[in-house]
Amino acid sequence: MLEKLFEISLAKFFEREKKNIINGVAERNLCSRLGLYLELEAERERLIGYYADVEYNRKQNGEVKTILDGDYKVIRINCDLILHSRGEIISRDNLIAIEMKKVERPEVEKFNDINRLRAMTKKSYDNVWSFDGQTHPEHVCGYELGYFIEIDNVNNFYKVVKISSGEIINSTNGVF
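Quick summary incoming for the structure in this document. As the structure is a prediction and not an experimental result, all values here were calculated from the model.

**Focus on the overall build of the chain**
From N to C terminus, the chain includes 4 helices and 8 strands. For the chain, the succession of helices and strands along the chain, N to C, is α-α-α-β-β-β-β-β-α-β-β-β. For the chain, the proportion of its 176 residues judged to be buried stands at 48%. Long-range contacts, defined here as pairs at least 24 residues apart, represent 58% of the contacts in the chain between residues at least 6 apart.

In structure tokens:
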């Protein structure tokens, strides 16, 4: 159901925001516009209590969100766009995490975004932290799906990389 929700939201985004995209508006604006469609579609799917938030960087008790990198170093994060319950539905808090980049951005930024999504979609990290659906994890994890969206506003082209359980599942391309 979440895949369908994302696909419908993305299709509406490209259909309704094409002029905005072609005009080269900021990534933050594009993420907020996609967030509108994502939240509306979640409501249509009866996912009550979920919010699409741009650059949301808080977890329980107002603390800054963190993840562990490959060296077990704690890193502060925020994600371009997330669909979540803001900690209110512990059993299924984190649904979708999205990172977006324009095609002209440096490859290292795209690589870092994909790796962030891989960490955010893991259920545990070598058993150092985990998401059990009953308590909030210390570090951000447990997103059911992650999507990296790369937009080429000059050629009206986009690429979407789908991530789940810390792994890249597939990559698709499209035009708008």
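**Here we look at helix 3 (residues 27-44)**
In a regular helix each residue adds 1.5 Å, so 18 residues correspond to 26 Å; helix 3 covers 26 Å between its end C-alpha atoms and thus fits that length. Listed as buried for helix 3 are E27, L30, C31, L34, G35, Y37, L38, E41 and A42. Where helix 3 is buried, its residues contact helix 1 (2-16), helix 2 (18-22), strand 1 (51-54), strand 4 (81-84), strand 5 (94-102) and strand 6 (145-152). Downstream of helix 3 by one or two residues, R46 has phi in the positive range, about 65 degrees.

**What to know about the pairing of strand 6**
Consecutive side chains along a regular strand alternate between the two faces of the sheet. Of all 8 residues in strand 6, 8 are buried; the element is thus mostly enclosed. By the alternation rule, side chains of strand 6 split into L145, Y147, I149 and I151 and G146, F148, E150 and D152, which are all buried. Across 7 bridges, the pairing between strand 5 and strand 6 is parallel. Note that in strand 6 the partner of K102 across the bridge is I151. Bridging between strand 6 and strand 7 (residues 157-164) involves 7 bridges; their strand directions are antiparallel. Within the sheet, the bridge partner assigned to I151 lies in strand 7 and is Y158. The loop that links strand 6 with its antiparallel partner strand 7 comprises 4 residues; one of these, N156, has a positive phi angle of about 50 degrees.

**Some thoughts on the nonpolar core**
Membership of the largest hydrophobic core comes to 29 residues, with the highest contact counts inside it found for L10, F13, L83, I96, I98, I149 and I151. Those elements giving two or more residues to this core turn out to be helix 1, helix 3, strand 4, strand 5, strand 6 and strand 7. If sequence neighbours within four positions are ignored, I98 has contacts with F6, L34, L38, C79, D80, L81, L117, Y147 and I149. Counting residues in each nonpolar core, the second largest holds 11 residues, with C79, L117, M120 and I163 among its members.

**Some details on the packing of aromatic side chains**
The relative placement of two aromatic rings is captured by the distance of their centres and the angle of their planes. The final tally for this structure, using the stated rule, is 4 aromatic pairs. The interplanar angle of 5 degrees and the centroid separation of 3.6 Å between the aromatic rings of F6 and Y147 together place this pair among those described as stacked. Of this pair, F6 sits in helix 1 while Y147 sits in strand 6, and the two are 141 residues apart along the sequence. Each of the two residues, F6 as well as Y147, counts as buried. Arranged with centres 5.1 Å apart and planes meeting at 15 degrees, the rings of F14 and F176 form a pair that is stacked. With a gap of 162 residues between them, F14 in helix 1 and F176 in the segment after strand 8 (167-175) connect regions that are remote in the sequence. Each member of the pair F14 and F176 is classed as buried.

Calculation notes
Residues numbered from 1 in each chain as written. Predicted model: local features only at pLDDT ≥ 70, side-chain atom pairs only at ≥ 80, totals over all residues. Heavy atoms only, no water. Helix = DSSP H or I, 4+ residues; strand = E, 2+ residues; numbered from the N terminus. Buried < 20%, exposed > 50% of the residue type's maximum accessible area, 1.4 Å probe, protein only. Contact = heavy atoms within 4.5 Å. Expected span 1.5 Å × (residues − 1). Pairing = 2+ DSSP bridges. Core = buried A, V, L, I, M, F, W, Y, C linked by side-chain atoms within 4.5 Å. Phe/Tyr/Trp six-rings, centres within 6.5 Å; stacked < 30°, edge-to-face > 60°.

Interpretation in functional terms is not warranted from these geometric data alone.
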